[in-house]
Amino acid sequence: MPRRYDPERRQRIIEAAIRVVGEKGLAGLTHRSVAAEADVPLGSTTYHFKTLDELMVAALRQANEGFAKVIASRGGLADPRTDLAAELAGWMGEWLAGDRTGVELEYELYLAALRRPALRPVAAEWADDLAHRLAHRTDPVTARALVALMDGICLQVLLTGAEYDEGYARETLRRVIGGNPVSDTGT
């Protein structure tokens, strides 16, 4: 029987890996579970991705695109008159208001880099890209601090299940940027 031409197979495998991690966590990610989810032969997953780390790298790259799409859709960084703190707080709000499972999945893959060295360069790409974009509006040190603060705010929202407070995010970001700090009473 001739081999069926399936140019979308690799992409379907990546999407299946993202769904598996979303449903079962990283512990549930195997070539077999991904093959079943993608409805492809097991050999297809190992053909396209020799190791699970290779598959996770592809999944993390694709997951990182979620936040990048939010940034691109808003376009506020290009205008120097845009309130940077408000723009960043808005990004986080839009991202966290979207598919919560997708956001959690992005962070699960992102944090997997702590134990899987193959993922570290991809995790760093996201932070470096965002810091590079922000450095056009601030300086490089402030840009990295903003990325760290945004990461922390998003993680706290995800870990605590709390509602995202855009006003709080905007004010803390403004303080890092160097804007006028608010009083302790919140006014």
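Structure's up top.
The following refers to the structure shown. (Residues numbered from 1 in each chain as written. Predicted model: local features only at pLDDT ≥ 70, side-chain atom pairs only at ≥ 80, totals over all residues. Heavy atoms only, no water.)

Looking now at the packing of aromatic side chains. In total, this model carries 3 aromatic pairs according to the counting rule given. Centroid distance tyrosine 107 to tyrosine 110: 5.7 Å. Interplanar angle 85°. Geometry classified as edge-to-face. Separated by 3 residues within a single helix, tyrosine 107 and tyrosine 110 lie in helix 6 (residues 100-112), roughly one turn from each other. The same class applies to tyrosine 107 and to tyrosine 110, which are both buried. These aromatic residues form a ring-pair network of at least three members: Trp95, Tyr107, Tyr110 and Trp126. (Phe/Tyr/Trp six-rings, centres within 6.5 Å; stacked < 30°, edge-to-face > 60°. Helix = DSSP H or I, 4+ residues; strand = E, 2+ residues; numbered from the N terminus. Buried < 20%, exposed > 50% of the residue type's maximum accessible area, 1.4 Å probe, protein only.)

Right, let's get into the environment of alanine 127. Relative to the elements of secondary structure, alanine 127 occurs in helix 7 (residues 120-135). Residue alanine 127 is classed as buried on the basis of its relative accessible area, which comes to 9%. Sequence separation between alanine 127 and alanine 143 is 16 residues, and the spatial gap between their C-alpha atoms is 9.9 Å. If sequence neighbours within four positions are ignored, alanine 127 has contacts with Tyr110, Arg144 and Val147. (Contact = heavy atoms within 4.5 Å.)

Before going further, it helps to examine the pattern of salt bridges. Counted according to the given criterion, the structure contains 8 salt bridges. The shortest N-O distance in the salt bridge between arginine 81 and aspartate 79 comes to 3.0 Å. Given the relative accessible area of 25%, aspartate 79 is considered partly exposed. Three or more residues joined by partner-sharing salt bridges are found here, namely Asp83, Glu171 and Arg174. (Salt bridge = Lys/Arg side-chain N within 4 Å of Asp/Glu carboxyl O.)

Helix packing geometry: the angle between the two helix axes and the distance between the axes. Where helix 6 meets helix 8 (residues 140-160), the axes come as close as 11 Å, and the angle between the chain directions of the two elements is 120°. What the angle tells us is that helix 6 and helix 8 run oblique. Crossing handedness for the pair helix 6 and helix 8: left-handed. Here Arg100, Val103, Glu104, Tyr107, Tyr110 and Leu111 of helix 6 come into contact with helix 8, specifically with Met150, Asp151, Cys154, Leu155, Val157 and Leu158. A per-class count over the contact of helix 6 with helix 8 returns 9 nonpolar, no polar and 3 charged. (Axes fitted to C-alpha atoms, helices over the stretch in contact; angles between N-to-C directions. Parallel < 35°, antiparallel > 145°, perpendicular 65-115°, else oblique. Left-handed = near helix turned anticlockwise from the far one by under 90°. Nonpolar A, V, L, I, M, F, W, Y, C, P; charged D, E, K, R; others polar.)

Turning to empty space enclosed by the protein, a few remarks are in order. For the coordinates displayed, the defined rule picks out 1 cavity of 30 Å³ or more. Its volume calculated, the largest cavity comes out at about 70 Å³. Lining the largest cavity, in full, are Asn64, Trp95, Glu106, Tyr107, Tyr110, Trp126 and Asp151. (1 Å grid on protein atoms, 1.4 Å probe; cavity = no way out; pocket = protein on both sides within 12 Å on 5 of 7 lines; lining within 4 Å. Points joined across faces, edges and corners; volume = space filled by probe spheres on them.)

The topology assignment puts arginine 115 in the loop between helix 6 and helix 7. What makes arginine 115 exposed here is its relative accessible area of 77%.

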